[in-house]
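# Coordinate analysis (summary)
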Amino acid sequence: MRAGIGYDVHKFAEGRKLILGGVDIPFEKGLLGHSDADVIVHAIMDALLGAAALGDIGQHFPDTDPAYEGISSISLLEKVRQLLEEHAYRVENIDSIIIAQRPKMMPHLPRMRQNIADALHVDVDRISVKATTQEGLGFTGREEGIAAQAVCMLEKI
């Protein structure tokens, strides 16, 4: 078994969609980034790549490459799955958390879990996505952006 940890943060920006876990969430702002800025999927990708000692998302999908501009992070997660398969790893489980004051995430969490499971070709019961606020503290509490953390376990096959 191999463990990995991932963390990502993006600030809010006007005129962008808010995409989390591959779900378009109705909100007045989106997240700023080269791709769709899906902060939870980015944290998960870094956890998976780290567990397999395959670098990080910046190495595989640099924000200087026009090919990744506006790209769906779920499609990047599928590429990470392919890398894991090439190196004979399978996902045992992922536990992740979105840190945001607003919007409320609860109604969207089941679809996020399913989107992530589908991209990784695993059962949804291997994927956990939770959400919390910071009680008004820090940059997420002031609604300046969203952060996410993820841990995973991989098994060599």
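Note that the structure is predicted; figures quoted are calculated from it, not measured. (Residues numbered from 1 in each chain as written. Predicted model: local features only at pLDDT ≥ 70, side-chain atom pairs only at ≥ 80, totals over all residues. Heavy atoms only, no water.)

## Notes on the layout of surface pockets
Our working rule: Using a 1 Å grid laid over the protein atoms alone, points where a 1.4 Å probe fits but cannot get out form a cavity; open sets with protein on both sides within 12 Å along at least 5 of 7 lines form a pocket; any residue with an atom within 4 Å of a point counts as lining. Grid points are joined across faces, edges and corners, and a volume is the space filled by probe spheres set on the points.
By volume, the largest pocket amounts to about 230 Å³. Together, 13 residues line the largest pocket, and S35, H42, I57, F61 and D63 are the ones closest to its centre.

## Some points on the pattern of salt bridges
We apply this condition: By definition here, a salt bridge exists when the distance from a side-chain nitrogen of Lys or Arg to a carboxyl oxygen of Asp or Glu is within 4 Å. The helix and strand labels rest on DSSP assignments: H or I over at least four residues marks a helix, E over at least two residues marks a strand, and numbering proceeds from the N terminus. When a residue's accessible area, from a 1.4 Å probe over protein chains only, is under 20% of the maximum for its type it is buried; when over 50% it is exposed; and in between it is partly exposed.
Overall, the coordinates contain nine salt bridges when judged by the stated rule. Between E28 and R102 there is a salt bridge, and its shortest N-O distance comes to 2.6 Å. Placement of the pair is E28 in the loop between β3 (23-25) and β4 (30-31) and R102 in the loop between β5 (89-99) and α4 (109-120), with a sequence separation of 74 residues. Take R102: its relative accessible area is 35%, and that puts it in the partly exposed class. Here R126 ties to E92 by a salt bridge, and the two come within 3.5 Å at their closest N and O atoms.

## Some points on the packing of helix α1 (residues 39-51) against helix α3 (residues 73-86)
Stated formally: An axis is simply a line fitted to the C-alpha atoms; with a helix, the fit covers only the stretch in contact. Between two such axes, the angle follows the N-to-C directions and lies from 0 to 180 degrees. If an angle is under 35 degrees, it is roughly parallel; if it is over 145, roughly antiparallel; if it lies from 65 to 115, roughly perpendicular; otherwise it is oblique. Contact criterion: two residues are considered in contact whenever any of their non-hydrogen atoms come within 4.5 Å of each other. Only Asp, Glu, Lys and Arg are considered charged, only Ala, Val, Leu, Ile, Met, Phe, Trp, Tyr, Cys and Pro nonpolar, and every remaining residue, Gly among them, polar.
Interaxial distance between α1 and α3 falls to 10 Å at its minimum, and their mutual angle equals 10°. One way to sum up the angle between α1 and α3 is to call them roughly parallel. Here α1 contributes V41, H42, I44, M45, L48 and L49 to the contact with α3, which in turn contributes S73, I74, L76, L77, V80, L83 and L84. A class-by-class count of the residues in the contact of α1 with α3 yields eleven nonpolar, two polar and no charged.

## Here we look at the side chain of S73
Put simply, the test is: The definition of a polar contact used here is a pair of N or O atoms within 3.5 Å, where within protein one atom must be able to donate a hydrogen and the other to accept one, and adjacent residues in sequence count solely through side-chain atom pairs.
Tracing the chain through its elements places S73 in helix α3. For S73, the side chain forms a polar contact with the side chain of D36, separated by 2.5 Å. Apart from the residues lying within four places of it in its own chain, the contact partners of S73 are S35, D36, A37, D38, V41, H42 and M45.

## Some points on the sheet that holds strand β6 (residues 127-132)
Heads up, the condition is: At least two DSSP bridges between two strands are needed for those strands to be called paired.
Read from one edge to the other, the open sheet built from five strands follows the order β4-β1-β7-β5-β6, with strand pairing classed as mixed. Every interior strand has two partners, whereas the edge strands, β4 and β6, have only one. Pairing of β5 with β6 involves six bridges; the strand directions are parallel. If you follow I99 over to β6, its bridge partner there is T132. Along the sheet face, α1 touches β1 (2-13), β4, β5, β6 and β7 (145-156) and points at about 155° away from the line of β1.

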